[in-house]
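Observations on the three-dimensional arrangement
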Amino acid sequence: MNIRHAYVHVPFCRHRCGYCDFTLVAGRDDLVERYFSAIERELSRVETPLHLDTLYLGGGTPSHLGPRGLRRLFGILRTRLASAAQCEVTVEANPLDVTDAFVEAAADCGVTRVSLGGQSLDATTLRALDRDHAPVDVVAAAERLRQRGIVVNLDLMIAAPGQSVADVDRDLEAAVGLSSEHVSVYCLTWEKGTAFDSQRRKGLVAAVDETVERAMFERAIDRLEAAGYEHYEVSNFARPGFRCRHNEAYWDCRPWEAFGPGAARFDGRTRSTNHRSVTAWIDRVLAGADFTGDRDAMTDEQAARERIVVGLRRRDGIDRGPFLDASGFELDTLSGSAIGGWVAAGLAIDDGRRVRLTREGMLLSDGLWADVLGA
Ligand code: SF4
């Protein structure tokens, strides 16, 4: 199989933000050396080096490794993961870590894009989100990256506790002022087992009302589109030519490799997820034991239905011909009645060749997928 995309999970953070349930350890830098050894060992699964079109380092906070750690990790990765020409290499970063030395190391390692976990440019909202950086750190980080010619993908979070629509408007103005090439906008989710979830259960914080959350998201679409960003996927906005090619590979259901704790790889039919405990993953990899946590093997039909869901999250929607070629199924056989219902309700447009969601459909998208997946 010709795999052109890879993800590497770097599970270290300075502290765990109250809403976060990702696979990570906070304040456990003592594990970094063993992590490097385990990554090196896991990479040996790959017999012949992969020639990648995209490589994505996510976490956790890959930038927490610092300039030396980043160079060290790329030194290990390059033994098995080679960049094809024009390879997109993305690293997620906390604004606090984006020093001159870090930017220098990133550029030397071939990083072309930094996903900057800004979340907000308002000090009160950042505190409400339990983040450890200030607005000025986001601005400084974006400026350093731009000076070095590294593309900035700014992450923004909306529906933070206590946040108003006017606060979101101010955040959007500030975000547009940063002129990053790409913006991702996510609504805060209250995941079970997080500090935020337990505070909410005790009545100490409240979630933003759903209608307010929706208004916030609509403001984000309006403001970012007016500033020249293309709303090309439910949560993602890009200036022309700056879509995230790595995420596009996921949405095209192309196969990808993945390494590190909790990392999920996909071979076109089966999604295999590494053990989500950082220490268990390290111990198992280094002991030569099975370190895969879950294997989710899809039937051809399940894979085709999943292709519909990820396809419709994109503004381009689904073209019936390529869908049939890639999945072996007619789109209408699997979801003709759902599509008809969405069109009648103004949630989708169907020109006979291509189906795509309207803005209303995009806003409701998570509520539509059960119609396709039969869940
Ligand atoms: S920095 Fe990101 S990955 Fe780390 S705890 Fe906070 S939200 Fe989670």
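Residues numbered from 1 in each chain as written. Predicted model: local features only at pLDDT ≥ 70, side-chain atom pairs only at ≥ 80, totals over all residues.

1. Let's talk about the overall build of the protein
Broken down by element type, the protein carries 15 helices and 17 strands. Here the C-alpha atoms of the protein give a radius of gyration of 21 Å, agreeing with the 21 Å that 2.2 N^0.38 yields for 375 residues. Classification of the 375 residues of the protein by burial places 41% in the buried group. Residue pairs at least 24 apart in sequence account for 70% of intrachain contacts in the protein once pairs closer than 6 positions are excluded. (Helix = DSSP H or I, 4+ residues; strand = E, 2+ residues; numbered from the N terminus. Rg over C-alpha atoms; globule rule 2.2 N^0.38 Å. Buried ≥ 20, exposed ≤ 12 C-beta atoms within 10 Å, placed from the backbone. Contact = placed C-beta atoms within 7 Å.)

2. Some remarks on unusual backbone geometry
One can expect most non-glycine residues to show negative phi and most peptide bonds to be in trans. Note that the residue after glycine 59, namely glycine 60, is joined by a cis bond; omega there is 20°. Along the polypeptide, glycine 60 turns up in the loop between strand E4 (50-59) and helix H2 (66-77). The backbone of aspartate 130 shows a phi angle near 65°, a positive value even though the residue is not glycine. On the secondary structure map, aspartate 130 appears in the loop between helix H4 (123-128) and helix H5 (135-147). Phi at cysteine 253 takes a positive value of approximately 60°, unusual for a residue other than glycine. The residue cysteine 253 is located in the loop between helix H9 (245-251) and strand E11 (257-259) in this model.

3. Here we look at the packing of helix H6 (residues 165-178) against helix H8 (residues 210-226)
The N-to-C vectors of H6 and H8 enclose an angle of 25°; their axes lie 10 Å apart at closest approach. When the interaxial angle is binned, H6 and H8 end up roughly parallel. Where H6 crosses over H8, the two elements pack in a sense that is right-handed. Residues Val165, Val168, Asp169, Leu172 and Val176 of H6 touch H8, and the partners they reach there are Val212, Ala215, Met216, Arg219, Ala220 and Arg223. Tallied by class, residues from the contact of H6 with H8 come to eight nonpolar, no polar and three charged. (Axes fitted to C-alpha atoms, helices over the stretch in contact; angles between N-to-C directions. Parallel < 35°, antiparallel > 145°, perpendicular 65-115°, else oblique. Left-handed = near helix turned anticlockwise from the far one by under 90°. Nonpolar A, V, L, I, M, F, W, Y, C, P; charged D, E, K, R; others polar.)

4. Description of the packing of helix H1 (residues 32-43) against helix H10 (residues 278-287)
Where H1 meets H10, the closest approach of the two axes is 9 Å, and the angle between their N-to-C directions is 50°. The angle between the axes of H1 and H10 places the two elements in the oblique class. Where H1 crosses over H10, the two elements pack in a sense that is left-handed. Contacts between H1 and H10 involve Arg34, Tyr35, Ser37, Ala38, Arg41 and Glu42 on the former and, on the latter, Trp281, Ile282, Val285 and Leu286. A class-by-class count of the residues in the contact of H1 with H10 yields six nonpolar, one polar and three charged.

5. A look at the nonpolar core
Ranked by internal contacts, the top residues of the largest apolar core, which has 77 residues, are Ala6, Ala106, Val114 and Ile158. Looking at this core, the element that brings in the most residues is strand E7 (residues 151-158), giving six residues. The residues contacting valine 114, other than those within four sequence positions of it, are Val91, Ala93, Ala106, Leu145, Ile150, Val152 and Asn153. Among the nonpolar cores identified, the runner-up in size contains 16 residues, and Ala304, Phe323, Val355 and Leu368 belong to it. (Core = buried A, V, L, I, M, F, W, Y, C linked by C-beta atoms within 7 Å.)

6. Comments concerning the pairing of strand E9 (residues 230-233)
Note: E9 against strand E10 (residues 236-238), three bridges, orientation antiparallel. Bridge pairing in E10 places glutamate 230 opposite alanine 238. In this antiparallel pair of consecutive strands, E9 and E10, the connection spans two residues. (Pairing = 2+ DSSP bridges.)

7. Topic: the sheet that holds strand E15 (residues 318-319)
Pairing is antiparallel across the open sheet formed by three strands, whose spatial order is E15-E17-E16. A strand with exactly one partner marks an edge of an open sheet, and here the two such strands are E15 and strand E16 (348-350). Summarising the sheet, E15 and strand E17 (residues 354-357) pair through two bridges and their orientation is antiparallel. Among the inter-strand pairings, aspartate 319 is bridged to a residue of E17, identified as arginine 354. Against the sheet, helix H13 (residues 331-344) engages E15, E16 and E17, with an angle of about 120° to E16.

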